[in-house]
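# A closer look at the structure
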Amino acid sequence: MGFLSRLDLQRSLQTLSVLQWIPVYVILGAIPILLIPYFLVFTKFWMVSMLALAWLAYDWNTHSQGGRRSAWVRNWTLWKYFQNYFPVKLVKTYDLPPKHNYIIANHPHGILSYGVFINFATEATGFARIFPGITPYVGTLEGMFWIPIVREYIMSMGVCPVSELALKYLLTQKGSGNAVVVVVGGAAEALLCRPKASTILLKQRKGFVKLALQTGSYLVPSYSFGENEVYNQETFPEGTWIRLFQKTFQDTFKKIIGLTLCTFHGQGFTRGSWGFLPFNQPITTVVGEPLPLPRIERPNKKTVDKYHALYISALRKLFDQHKVQYGLSETQELTIL
């Protein structure tokens, strides 16, 4: 095969498949870059900007009403290369009957949530085959849908805003057999990401439980083992000038932009180098038993707390049953903050 062996070619294609996706998340964190298409209105390319704005205004509600998913895009061979880079695996422990709707809550966030993306926003691991009759939607930040082209790209994969408006629409206006996937800890949980760590933000995260009650959706716990292994995150020692700079920069970024900034690194293109490429570590997303909830239009705090506690219990059980099989020690515990 010329100067590249078949193995070298496979690895190169896997690397390229990951590289094309990383900028989608990096751009989201850089709001000035996000706005560049609209700043063009003040240049000779003003027509491009006007067309982008006109289309966004015309099509404004689409991303909050299920988007324009494409089975063709979800089945691109590109995603198989992406999956095999780590590799990523999806494990079913219980059936999800299509006569119900579901909120699949996932943990942990990790740095870029690769497990959630590959397992639920593409067909690389065979979601449609594993969960027949279920249509998955992956929730992400609203800002992603302000970016021309990126907006169409992610909608085609079934990605939607993680807003009450969008999620309620999917769970109440599109019949049954829908599953919205929510990474409950959000970007703030990324700061807890460390190899071998199993700390998540959940104690005060109850909105997804309230939404499940309001829509009568089943709650499904899921955990992505290995998600925290694909990047190293740097937190410098307290009391040092570099730690002060890091904390000040992170706090300022969050206050201005509203997003959490992590100081992380993976690997580069050469052995032993640093870069933004994730480490080749397996990620296995285990989907647990669905927890049935009653439909209550205005659930009170006591009811929300009750089902939130039941969810935590189900998540702990799922974690403990599978942690050793997927790389953690028998004594490892799930820490919930």
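Below you will find a few notes about this structure. All values reported here derive from a predicted model rather than from experimental measurement.

## So, the layout of surface pockets
- Its volume calculated, the second largest pocket comes out at about 570 Å³.
- Taken together, 19 residues line the second largest pocket, and the ones lying closest to its centre are Arg11, Thr15, Gln267, Phe269 and Asn280.
- If you list the elements that add at least two residues to the lining of the second largest pocket, you get helix H1 (6-19) and helix H7 (77-85).
- Ranked by residues supplied to the lining of the second largest pocket, first place goes to H1 with five residues.
- Across the lining of the second largest pocket, the residue classes tally to six nonpolar, ten polar and three charged.

## Considerations on a nonpolar patch on the surface
- Side chains of Met47, Met50, Leu51 and Leu53 sit close together on the surface and give an oily, nonpolar patch of about 370 Å² of accessible area.
- Among the secondary structure elements, methionine 47 is positioned in helix H5 (residues 46-58).

## Observations concerning the sheet that holds strand S7 (residues 218-225)
- An order of S1-S11-S7-S2-S5-S3-S4 is seen for the seven strands of this open sheet, with the pairing classed as mixed. Lying at the two open borders of the sheet, with one neighbouring strand each, are strand S1 (88-92) and strand S4 (159-161). The sheet shows a mean angle of 25 degrees between the axes of neighbouring strands, taken without regard to direction.
- By the bridge criterion, six bridges tie strand S2 (residues 102-107) to S7 in an arrangement that is parallel. The residue of S7 that forms the bridge with asparagine 106 is serine 222.
- Of the strands in this sheet, S2, S7 and strand S11 (283-287) are in contact with helix H14 (residues 301-322), which crosses S7 at around 35 degrees.

## Regarding the packing of H1 against H7
- Where H1 contacts H7, the two axes come as close as 8 Å, and the packing angle between them is 100 degrees. Taken together, the axes of H1 and H7 are roughly perpendicular relative to one another. Contact with H1, carried on its side by Gln10, Leu13, Gln14, Thr15, Ser17 and Val18, involves Leu78, Tyr81, Phe82, Asn84 and Tyr85 of H7 and no other residues of that element.
- Grouping the amino acids of the contact of H1 with H7 by side-chain chemistry returns six nonpolar, five polar and no charged.

## Comments concerning the pattern of salt bridges
- Applying the stated rule across the entire model yields eleven salt bridges.
- Put simply, lysine 92 and aspartate 95 hold a salt bridge, and the shortest N to O gap is 2.8 Å.
- Overall, the relative accessible area of 35% leaves lysine 92 in the partly exposed class.
- Bridged by salt links that share partners, the residues Asp59, Arg68, Arg151 and Glu152 form one connected network.

## Here we look at the packing of aromatic side chains
- Under the defined criterion, the tally for this structure stands at 26 aromatic pairs.
- Ring plane angle 15 degrees and centroid distance 6.1 Å describe the contact between tryptophan 76 and tryptophan 79, whose orientation is recorded as stacked.
- Looking at tryptophan 76, the relative accessible area reads 26%, which means it is partly exposed.
- Take tryptophan 79: its relative accessible area is 0%, and that puts it in the buried class.
- Taken together, a centroid distance of 4.7 Å and an interplanar angle of 50 degrees make the contact between tyrosine 223 and phenylalanine 225 tilted.

Procedures and definitions
- Residues numbered from 1 in each chain as written.
- Predicted model: local features only at pLDDT ≥ 70, side-chain atom pairs only at ≥ 80, totals over all residues.
- Heavy atoms only, no water.
- 1 Å grid on protein atoms, 1.4 Å probe; cavity = no way out; pocket = protein on both sides within 12 Å on 5 of 7 lines; lining within 4 Å.
- Points joined across faces, edges and corners; volume = space filled by probe spheres on them.
- Helix = DSSP H or I, 4+ residues; strand = E, 2+ residues; numbered from the N terminus.
- Nonpolar A, V, L, I, M, F, W, Y, C, P; charged D, E, K, R; others polar.
- Patch = residues over 30% accessible without salt bridge, like charges linked within 9 Å, V, L, I, M, F, W, Y side chains within 5 Å.
- Areas by Shrake-Rupley, 256 points an atom, 1.4 Å probe, with all protein chains shown as cover.
- Salt bridge = Lys/Arg side-chain N within 4 Å of Asp/Glu carboxyl O.
- Pairing = 2+ DSSP bridges.
- Axes fitted to C-alpha atoms, helices over the stretch in contact; angles between N-to-C directions.
- Contact = heavy atoms within 4.5 Å.
- Parallel < 35°, antiparallel > 145°, perpendicular 65-115°, else oblique.
- Buried < 20%, exposed > 50% of the residue type's maximum accessible area, 1.4 Å probe, protein only.
- Phe/Tyr/Trp six-rings, centres within 6.5 Å; stacked < 30°, edge-to-face > 60°.

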